Amino acid sequence: GESVGLHLPTLSVQEGDNSIINCAYSNSASDYFIWYKQESGKGPQFIIDIRSNMDKRQGQRVTVLLNKTVKHLSLQIAATQPGDSAVYFCACAGNMLTFGGGTRLMVKP
Amino acid sequence: EPEVTQTPSHQVTQMGQEVILRCVPISNHLYFYWYRQILGQKVEFLVSFYNNEISEKSEIFDDQFSVERPDGSNFTLKIRSTKLEDSAMYFCASSEIGWGSTDTQYFGPGTRLTVL
């Protein structure tokens, strides 16, 4: 079955540094991938998405990279800020949206 | 900015009781979803709903669960006879088109269900 996993449960970075959060997926048929941010007590908030016909997509301070060969997805956050502290989930869409376990990003001032 | 809303924010119930969790999706959205998140665990898909019928459901969504769009704005999740293991955050989401496209699912703030 589909599984989506994250390599690190917690990532601690210095304010201003870049953050990289990784995710592996198992279903090679997945064609749409999303990163969500979840702050304490709130619902998942869409950050950025990418379709399988792309390998990179950039947003404001965020970049998603997709490597279909190794079924790996990453989220890069440039110049990480305290407001970026949250749990980040990757999700992939097949016939349903499957979430990874989450990585907690902690930003040190 | 339009947003998905959910009520109540916290629901406490006794095991075996029925609960109804309510959601108001974004008004021009056509696809609606329920997810749950047990404390400390992944967000898990429950069900998707389009055109007044279920389009997908997961193994979690058994006969104890049902969804309904009783009017033009509300989308509800009913759990007929709650179990202790139903305790979780329940998130409603909506999207304009539906996943598998470039559309985005917008999530509500969640309802925390506690079954005693």
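Scroll up a little and you will see the structure.
Notes on the structure follow.

Parameters at a glance
- Every chain is numbered independently, its residues counted from 1 as its sequence is written.
- The order in which chains are written sets their letters, starting at A; the order in which ligands are written sets their numbers, starting at 1.
- The model is predicted, so local features are restricted to residues of pLDDT at least 70 and side-chain atom pairs to those at 80 or more, both for listing and for counting; the totals for chains, interfaces and linings are taken over all residues.
- By convention in this description, side-chain values take in all heavy atoms of the structure and omit both hydrogens and water.
- Put simply, a disulfide is two cysteine sulfurs that come within 2.5 Å.
- Numbering of helices and strands runs from the N terminus, with a helix taken as a DSSP run of H or I at least four residues long and a strand as a DSSP run of E at least two residues long.
- Throughout this description, buried means an accessible area under 20% of the type-specific maximum (1.4 Å probe, protein chains only), exposed means over 50%, and partly exposed covers the range between.
- Strand pairing follows a simple DSSP-based rule, namely that at least 2 bridges must link the two strands.
- Angles here are taken between N-to-C directions and fall from 0 to 180 degrees, while the axes themselves are lines fitted to C-alpha atoms, restricted in helices to the stretch in contact.
- Whether two residues touch is decided by their heavy atoms; if any such pair falls within 4.5 Å, the residues are in contact.
- The term buried area refers to how much accessible surface (probe radius 1.4 Å) is lost by two components on association, counted for both of them together.
- The working definition used for a salt bridge is a side-chain nitrogen of Lys or Arg within 4 Å of a carboxyl oxygen of Asp or Glu.
- Polar contact is defined as a pair of N or O atoms within 3.5 Å, subject to the rule that within protein one atom must be able to donate a hydrogen and the other to accept it, and that residues adjacent in sequence are counted only when both atoms are side-chain atoms.
- Three residue categories are used. Nonpolar comprises Ala, Val, Leu, Ile, Met, Phe, Trp, Tyr, Cys and Pro, charged comprises Asp, Glu, Lys and Arg, and polar comprises the others, including Gly.
- Pairing of aromatic side chains requires ring centres within 6.5 Å, counting the rings of Phe and Tyr and the six-membered ring of Trp. Pairs whose planes differ by under 30 degrees are stacked, by over 60 edge-to-face, and all others tilted.

## Thoughts on the state of the cysteines
Logical step 1: Considering all chains together, one arrives at two disulfides over all chains under this definition.
Logical step 2: Disulfide pairing is shown between A:Cys23 and A:Cys90; the S-S distance is 1.8 Å. Its S-S torsion of approximately 50° makes the covalent link between A:Cys23 and A:Cys90 right-handed. Of this pair, A:Cys23 sits in strand β3 (residues 19-25) while A:Cys90 sits in strand β9 (residues 86-93), and the two are 67 residues apart along the sequence.
Logical step 3: Since its relative accessible area comes to 2%, A:Cys23 is described here as buried.
Logical step 4: In this structure A:Cys90 comes out as buried when scored by relative accessible area, which is 0%.
Logical step 5: The disulfide partner of B:Cys23 is B:Cys92, and the gap between their sulfur atoms is 1.9 Å. Across the S-S bond linking B:Cys23 and B:Cys92, the dihedral sits near -65°, which makes this disulfide left-handed. Residue B:Cys23 is located in strand β3 (residues 19-24), and its partner B:Cys92 is located in strand β9 (residues 88-95); the two are separated by 69 residues in the primary sequence. B:Cys92 matches B:Cys23 in its accessibility class, with the two residues each being buried.
Logical step 6: Of the cysteine sulfurs around A:Cys92, a residue in no disulfide, the closest is that of A:Cys90, at 7.1 Å.

## Considerations on the sheet that holds strand β7 (residues 65-68) of chain B
All names here are of chain B.
Logical step 1: Taken together, four strands build an open sheet; the order of strands is β1-β3-β8-β7 and the sheet is antiparallel. Only two strands of the sheet have a single partner each, and these edge strands are β1 (5-7) and β7. Taken pair by pair, the neighbouring strands of this sheet meet at an average axis angle of 20°, ignoring direction.
Logical step 2: Pairing geometry for β3 and strand β8 (residues 75-79), over five bridges, is antiparallel. Opposite Val 19, over in β8, you have Ile 79 as the bridge partner.

## Observations concerning the interface of chain B and chain A
Logical step 1: Across the contact, 19 residues belong to chain B and 20 residues belong to chain A.
Logical step 2: Between chain B and chain A, a total of about 1600 Å² is buried, with carbon and sulfur atoms accounting for 59% of that surface.
Logical step 3: Across the chain B-chain A interface, the total number found is zero salt bridges.
Logical step 4: The interface formed by chain B and chain A includes two residue pairs in polar contact (both at pLDDT 80 or more).
Logical step 5: Class assignment for the residues of the side of chain B that touches chain A results in seven nonpolar, eight polar and four charged.

## Re the packing of aromatic side chains
Residue and element names in this part refer to chain A.
Logical step 1: Within the structure shown, the criterion is met by 16 aromatic pairs over all chains.
Logical step 2: Arranged with centres 5.4 Å apart and planes meeting at 40°, the rings of Tyr 36 and Phe 99 form a pair that is tilted. Of the two residues, Tyr 36 is situated in strand β4 (residues 32-38) and Phe 99 in strand β10 (residues 97-99); the sequence distance between them amounts to 63 residues.
Logical step 3: Taking the relative accessible area as the measure of exposure, Tyr 36 reaches 1% and is therefore buried.
Logical step 4: Overall, Phe 99 belongs to the buried group, its relative accessible area being 2%.

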